Amino acid sequence: MASPAFQNKTILLTGATTGIGRAAAHAFAQGGARLLVHGRNAELGRDLVKELTTTYGRHQGDITFHQADLTRLDDVRALGREVTAAVERLDVLANNAGLFSSTREMTTDGLEQTFQVNHLAPFLLTRLLMKPLLAARGRVITTSSRAHMISPLYMADLQSKKHFSPWPVYGRTKLANIYFTYELARRHGAEGLKAYCFHPGVVNSRFFSNLRGISKWGANALGKLIFRSSEKGADTLVWLAGAALPPEQNGWYFFDRKPGPLARHALDRDAALRLWEASEQLAGR
Ligand SMILES: NC(=O)c1ccc[n+]([C@@H]2O[C@H](COP(=O)([O-])OP(=O)(O)OC[C@H]3O[C@@H](n4cnc5c(N)ncnc54)[C@H](OP(=O)(O)O)[C@@H]3O)[C@@H](O)[C@H]2O)c1
């Protein structure tokens, strides 16, 4: 992937230690960004910083690691404080960390894990970072998915208490990313904030080895043959971080650098508003 220039840009990237995030971290480091990489494993984080710094000849302090487990909202709050203390302006927040869970697991906050990690944690983190984001007239990019097409959102059962089915649950969190992006742009676009989300394609990352019924061997062998690389999956993320897009595209969903395609239920503006309000209640204003 050819790296666009990110000199003078400050970028926070979540889920940077593996897969799509790792590939994007390379592109941002190569492009000269002041880069804050997030992960939950400190050792992997330190290794990544070392690798990026030496590979691209960056100075110490240009790239820093920030640890947080998104299944803990207190970790997200601490991450928000840490980043706010470290930077006055944040040009790009890339909410990329995400997971697929085959079973219904609860977080320490008492919420369904897929909902919290894929939607509520990035919702909270973004809101905690509004000051440096607005100071930079920055942009928020969220890694969504075509899986948003699987199911509409059930506002009365955001924690999938009544019925848990892995793909619809995952798909609804990726739909939530689209609603969040739209509503974020609607609320803060006039202040200069931009928000975009995207589908990375079907990527041969570790994500697949977590899927029930597909063994690690099968996922990797099959994956290499038919799915795209993490670098290709990160291409639209990296492009969105620097592209000059028309104002009417603020809040939109992209795939391979182009808008759409979106499921009809993803255009439900009322659902976007209700999800925002429900998320405020759950994460705190
Ligand atoms: N792969 C695909 O085909 C595909 C398609 C559409 C969308 N996506 C989305 O793309 C994004 C990146 O996924 P990927 O394919 O690159 O898979 P991946 O290699 O599994 O990367 C997921 C990243 O999220 C992090 N993460 C997961 N749970 C976390 C938690 N509780 N706290 C903090 N970080 C956590 C992981 O950190 P650890 O290393 O510590 O686990 C990892 O860095 C996800 O949002 C995913 O939903 C992927």
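Residues numbered from 1 in each chain as written. Predicted model: local features only at pLDDT ≥ 70, side-chain atom pairs only at ≥ 80, totals over all residues. Heavy atoms only, no water.

A. Molecular detail of the sheet that holds strand 1 (residues 10-13). Strand order in the open sheet formed by eight strands is 3-2-1-4-5-6-7-8, with mixed pairing between adjacent strands. Of all strands in the sheet, those bounded by a partner on one side alone are strand 3 (63-67) and strand 8 (258-259). Strand direction decides the pairing type here: strand 6 (residues 194-199) and strand 7 (residues 253-255), joined by three bridges, are parallel. Each residue of the ladder has a partner; that of Phe198, found in strand 7, is Phe254. Of the strands in this sheet, strand 1, strand 4 (92-95), strand 5 (139-143), strand 6 and strand 7 are in contact with helix 8 (residues 230-242), which crosses strand 5 at around 170 degrees. (Pairing = 2+ DSSP bridges. Helix = DSSP H or I, 4+ residues; strand = E, 2+ residues; numbered from the N terminus. Contact = heavy atoms within 4.5 Å. Axes fitted to C-alpha atoms, helices over the stretch in contact; angles between N-to-C directions.)

B. Structural detail: the packing of helix 4 (residues 113-128) against helix 9 (residues 269-283). Remark: helix 4 packs on helix 9, axes separated minimally by 10 Å, with the N-to-C direction vectors making an angle of 85 degrees. By the angle class used here, helix 4 and helix 9 are roughly perpendicular. Contact with helix 4, carried on its side by Phe115, His119, Leu120, Phe123, Leu124 and Arg127, involves Leu275, Trp276, Ser279, Glu280, Leu282 and Ala283 of helix 9 and no other residues of that element. Taken together, the residues that form the contact of helix 4 with helix 9 break down as eight nonpolar, two polar and two charged. (Parallel < 35°, antiparallel > 145°, perpendicular 65-115°, else oblique. Nonpolar A, V, L, I, M, F, W, Y, C, P; charged D, E, K, R; others polar.)

C. A look at the pairing of strand 2 (residues 34-39). The element strand 2 is extensively covered by neighbouring structure, given that five of its six residues are classed as buried. Taken together, the four bridges between strand 1 and strand 2 define a ladder with parallel strand orientation. Counterpart to Thr10 in the pairing with strand 2 is Arg34. Handedness of the strand 1-helix 1 (residues 19-30)-strand 2 crossover: right-handed. (Buried < 20%, exposed > 50% of the residue type's maximum accessible area, 1.4 Å probe, protein only. Right-handed = clockwise from strand over helix to strand, strands pointing away.)

D. Quick peek at the site of the ligand. The environment of the ligand is made up of 30 residues, and the closest members are Ile20, Arg40, Tyr170, Val203 and Ser205. Between the ligand and the protein, one listed contact pairs an oxygen atom with a side-chain N or O atom of Lys174 at 3.0 Å. Within the backbone of Val203, one N or O atom sits 2.8 Å away from an oxygen atom of the ligand. In the complex, 97% of the free accessible area of the ligand, which totals 880 Å², lies under the protein chains. The set of elements that each furnish at least two residues to the shell around the ligand consists of helix 1 and helix 6 (166-188). Here the shell around the ligand is composed, by residue class, of twelve nonpolar, 14 polar and four charged. (Near = heavy atom within 4 Å. Polar contact = N/O pair within 3.5 Å; in protein donor to acceptor, adjacent residues only side chain to side chain. Areas by Shrake-Rupley, 256 points an atom, 1.4 Å probe, with all protein chains shown as cover.)

E. Molecular detail of the environment of Ser145. Relative to the assigned elements, Ser145 resides in the loop between strand 5 and helix 6. Separated by 26 residues in sequence, Ser145 and Gly171 place their C-alpha atoms 7.6 Å apart. In this structure Ser145 touches Tyr170, Lys174, Phe198, His199 and Tyr253, once residues within four positions along its chain are discounted.

F. Looking closely at the pattern of salt bridges. The tally for this structure, following the rule as stated, stands at ten salt bridges. Between Arg257 and Asp235 there is a salt bridge whose closest N-O contact spans 2.8 Å. Here the residue Arg257 occupies a position in the loop between strand 7 and strand 8, and Asp235 occupies one in helix 8, the gap between them amounting to 22 residues. Taking the relative accessible area as the measure of exposure, Asp235 reaches 15% and is therefore buried. One salt-bridge network, in which partners are shared between bridges, spans Glu183, Arg186 and Arg187. (Salt bridge = Lys/Arg side-chain N within 4 Å of Asp/Glu carboxyl O.)

Treat this as a map of the structure, not an account of what it does.
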